[in-house]
Amino acid sequence: MNEPASRTEAAIAATPEHRLKDELDIVIPTIRNLDFLEMWRPFFQPYHLIIVQDGDPLRTIKVPNGFDYELYNRNDINRILGPKASCISFKDSACRCFGYMVSRKKYIFTIDDDCFVAKDPTGKAINALEQHIKNLLSPSAPFFFNTLYDPFADGADFVRGYPFSLREGVPTAVSHGLWLNIPDYDAPTQLVKPLERNTRYVNAVLSIPKGTLFPMCGMNLAFDRRLIGPAMYFGLMGEGQPIGRYDDMWAGWCIKVICDHLGLGVKTGLPYIYHSKASNPFVNLRKEYKGIYWQEEIIPFFQQVVLPKDCTTVQKCYVHLAKQVKEKLGKLDPYFDKLAEAMVTWIQAWDELNPSSAALSNGKRG
C-alpha cells in the first residue's frame with residue numbers, strides 16, 4: 001500500500017468510461033518535464049490538460065506524447081492578462097490558478113507533478129480523478145454532522161436522529177483529497193519527524209461542517225469551477241513576496257467562508273494519491289516562517305468574518321473579503337494590503353476572461 005502503483009496496474013484499474021471528459025480540465029503547475037504523466041495515462045489521457053509552467057519561460061517542458069494539452073508560461077500569462085498579470089504568483093505553485101482562470105470547463109482537477117498513483121489496501125491502483133468526480137457530483141451535508149461519514153456514498157446513509165429536513169444536502173463545490181507516503185507537513189513538523197510517512201488509508205469521505213475552517217492542500221484537489229472558481233485564488237506568494245507555501249491554505253480559508261455563506265459544500269477524505277517527494281524543510285522554513293506567525297491572526301480573522309446578505313455571487317463575496325483583509329489584516333503587515341489589491345485584480349481578470357460567470361448568482365444560473 002505504501003508503494004505507488006505501476007503504469008500497468010493503473011491501466012488495469014482504469015474504467016472504460018471516463019466521466020465528464022468533456023466537462024473537466026486537469027491543471028498542473030510545473031518546472032520540470034512531465035514524465036509522471038505516464039503513470040497517470042490510463043486515467044488522464046481522455047481529459048484536457050492545462051499546464052502552467054513556472055520559472056524560466058525559455059525552458060522547454062516536455063510532455064509525453066498522446067496527451068491533449070495547452071501549456072502556458074510566464075510570457076503567455078503577461079500577454080493574456082497584461083498589467084493584471086501581477087496577481088499571478090511567480091516561482092510558486094500558486095501560478096496554477098491561472099489555469100483555473102483560462103479553463104472553459106465546469107470542473108477542475110489539479111495535481112502536483114510529484115504525485116503518483118496510489119494503491120488501496122487491496123493493492124488496486126486508485127483512480128483519484130474518478131473519486132473526485134463522485135464527490136463533486138453528490139451533495140454535501142455541512143449543516144449537521146453524519147457520524148457514518150458521507151451519507152451519499154455507496155453503502156452509507158443518514159443515521160438515526162439526522163434531521164429529515166437537511167437530508168437533501170447542498171451542492172458540493174470542492175473535493176479535497178489526501179496523500180499516502182509523504183504527509184503535507186509544515187517545516188517545523190518536517191524537522192522533528194523527518195522519517196514519518198503516512199501509511200494509513202481511511203476509506204471515508206466527509207463534509208466539513210459549516211463554520212469550520214480547514215488547511216486545504218492543492219496537490220490533490222478538485223472543484224466545481226462554476227460554483228466556486230472565482231474564489232479559488234491561491235494568493236500572492238513566491239518570488240518578491242515575504243511568504244510562500246500558504247497559497248493553497250489561503251484559498252481554502254477564503255472558499256470555506258464563501259461556501260458557508262452561499263450554502264455550498266466542501267468534502268475531504270478520499271481519494272488518496274502517492275506523494276513521492278519530501279521538499280527541503282529548511283527551504284520550507286524560510287518560506288513559511290512569517291505565515292506560521294501570521295496564521296495565529298489570520299485564522300481568527302476568517303473565523304469571525306461575516307459576509308453581508310447582498311453578497312449573492314462568489315465575486316461579490318470575494319471582493320468584500322478582500323476589503324476586510326485590507327482593513328483587518330493590513331494592520332498586521334503591509335503585505336496584506338498588497339494581497340487584498342491582488343485579490344480584487346484577480347476578480348477583475350477572471351471576469352474579463354469569463355464574462356458569463358459575472359452573471360452567476362449564488363453560484364447557480366438564475
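Because the structure is predicted, anything quoted here is derived from the model rather than measured.

Examining the side chain of Asn127
Move 1: Tracing the backbone through its elements, the reader meets Asn127 in the loop between β5 (115–116) and α5 (128–137).
Move 2: A polar side-chain atom of Asn127 sits 3.1 Å from the main-chain amide nitrogen of Glu130.

Re unusual backbone geometry
Move 1: Look at the link from Leu270 to Pro271: it is a cis peptide, with omega at 10°.
Move 2: Here Pro271 lies in strand β9 (residues 265–275).
Move 3: Although it is not a glycine, Lys91 sits at a positive phi angle of roughly 60°.
Move 4: Inspection of the secondary structure puts Lys91 in the loop between α3 (74–81) and α4 (97–102).

Describing the UniProt feature "glycosylation site" (unreviewed entry) in the protein
Move 1: Per the UniProt record, "glycosylation site" (unreviewed entry) is annotated on Arg160.
Move 2: Looking at the element boundaries, Arg160 is found in the loop between α5 and β6 (172–181).
Move 3: According to the relative accessible area criterion, Arg160 is exposed, its value standing at 85%.

A few points about the pattern of salt bridges
Move 1: One pass over the full model with this rule turns up 14 salt bridges.
Move 2: Measuring nitrogen to oxygen at the nearest pair gives 2.8 Å for the salt bridge that ties Asp113 to Arg32. In this pair, Asp113 sits in the loop between β4 (107–111) and β5 while Arg32 sits in the loop between β1 (24–30) and α2 (37–44), placing the two residues 81 residues apart along the sequence.
Move 3: Taking the relative accessible area as the measure of exposure, Arg32 reaches 30% and is therefore partly exposed.
Move 4: When the shortest N-O distance is used, the salt bridge between Arg41 and Glu38 registers 3.0 Å. With Arg41 and Glu38 both in helix α2 and 3 residues apart, this pair spans about one turn of that helix.
Move 5: Classification of Glu38 as partly exposed rests on a relative accessible area of 26%.
Move 6: Among the charged side chains, a salt-bridge network with shared partners connects Lys326, Asp337 and Glu341.

Criteria and cut-off values
Residues numbered from 1 in each chain as written. Predicted model: local features only at pLDDT ≥ 70, side-chain atom pairs only at ≥ 80, totals over all residues. Heavy atoms only, no water. Helix = DSSP H or I, 4+ residues; strand = E, 2+ residues; numbered from the N terminus. Polar contact = N/O pair within 3.5 Å; in protein donor to acceptor, adjacent residues only side chain to side chain. UniProt positions renumbered as here; feature names shortened; annotations may be inferred. Buried < 20%, exposed > 50% of the residue type's maximum accessible area, 1.4 Å probe, protein only. Salt bridge = Lys/Arg side-chain N within 4 Å of Asp/Glu carboxyl O.

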